[in-house]
Amino acid sequence: LDPKLADYKKQPKYNRFFVACGGADPLNLTPQILPLVPADTFEYDSCFVIGPNFKHEFEHPNGWHIMYAPKPAEMLDYMACFSTVICAWGNTAFEASYLGCRVFAIPTCEEHVGEIKCFGLEPLLPTELNTLPERLRKPVKNVSLDLNGAKRILQFMTKIKE
């Protein structure tokens, strides 16, 4: 993870939902997720991201803020304020975990299922999105991350050369 992520960790969290399913959202997850998230939040209290390669058309529910193709820093700055992140498996799940968010990670291919479990989360399968409302009411185990991954890899690689 980028060490600059530490700057975003200090932001206060609000009981909001952040949905990000990748730059293209090839499984068209976003329109399936939004109606499942509680609608009793204040207007624009929750946000979803439309990536630069999103080609699906849908009507989004009222009360959602939409970010269209945000730059990574802009997305991180905004996502850091959310208590819950629902996302396709990838870098967003790692960043949200580091920021202390509850993360619901959706695998977009079979190999992601094992990766999500190995990471310490329970995958939210695309075929089981209907379970999201129930899952949102239950506590989720937070995965603790730090920003020392590159440092540990360098230490490991240095030991191999010795």
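For the structure itself, consult the block above.
First, a word on what this report is: a plain description of the structure on this page. (Residues numbered from 1 in each chain as written. Predicted model: local features only at pLDDT ≥ 70, side-chain atom pairs only at ≥ 80, totals over all residues. Heavy atoms only, no water.)

1. Observations concerning the packing of helix α3 (residues 72-79) against helix α4 (residues 91-98)
Convention followed: The axes are straight lines fitted to the C-alpha atoms, using for helices just the contacting stretch, and the angles between their N-to-C directions are given from 0 to 180°. Strands are runs of DSSP state E lasting at least 2 residues, helices are runs of H or I lasting at least 4, and numbering of each runs from the N terminus. Note on terminology: angles under 35 degrees are roughly parallel, angles over 145 are roughly antiparallel, angles of 65 to 115 are roughly perpendicular, and the others are oblique. By definition, any crossing whose near helix is turned counterclockwise from its far helix by less than a right angle is left-handed, and any crossing with a clockwise turn is right-handed. Contacts were defined at the residue level, with two residues in contact if any of their heavy atoms lie within 4.5 Å. Each residue gets one of three labels, nonpolar for Ala, Val, Leu, Ile, Met, Phe, Trp, Tyr, Cys and Pro, charged for Asp, Glu, Lys and Arg, and polar for the others, Gly among them.
At a closest axis distance of 11 Å, the pairing of α3 and α4 adopts a crossing angle of 45°. Considering their axes alone, α3 and α4 lie oblique with respect to each other. Classified by chirality, the crossing of α4 by α3 is right-handed. Only Thr92, Glu95 and Ala96 of α4 make contact with α3, whose side of the interface consists of Met75, Leu76 and Met79. Residue composition of the contact of α3 with α4, by class: four nonpolar, one polar and one charged.

2. Section: unusual backbone geometry
For Asp25, which is not a glycine, the phi torsion comes out positive at approximately 50°. The backbone of Ala69 shows a phi angle near 40°, a positive value even though the residue is not glycine. Within the secondary structure layout, Ala69 lies in the loop between β3 (64-68) and α3.

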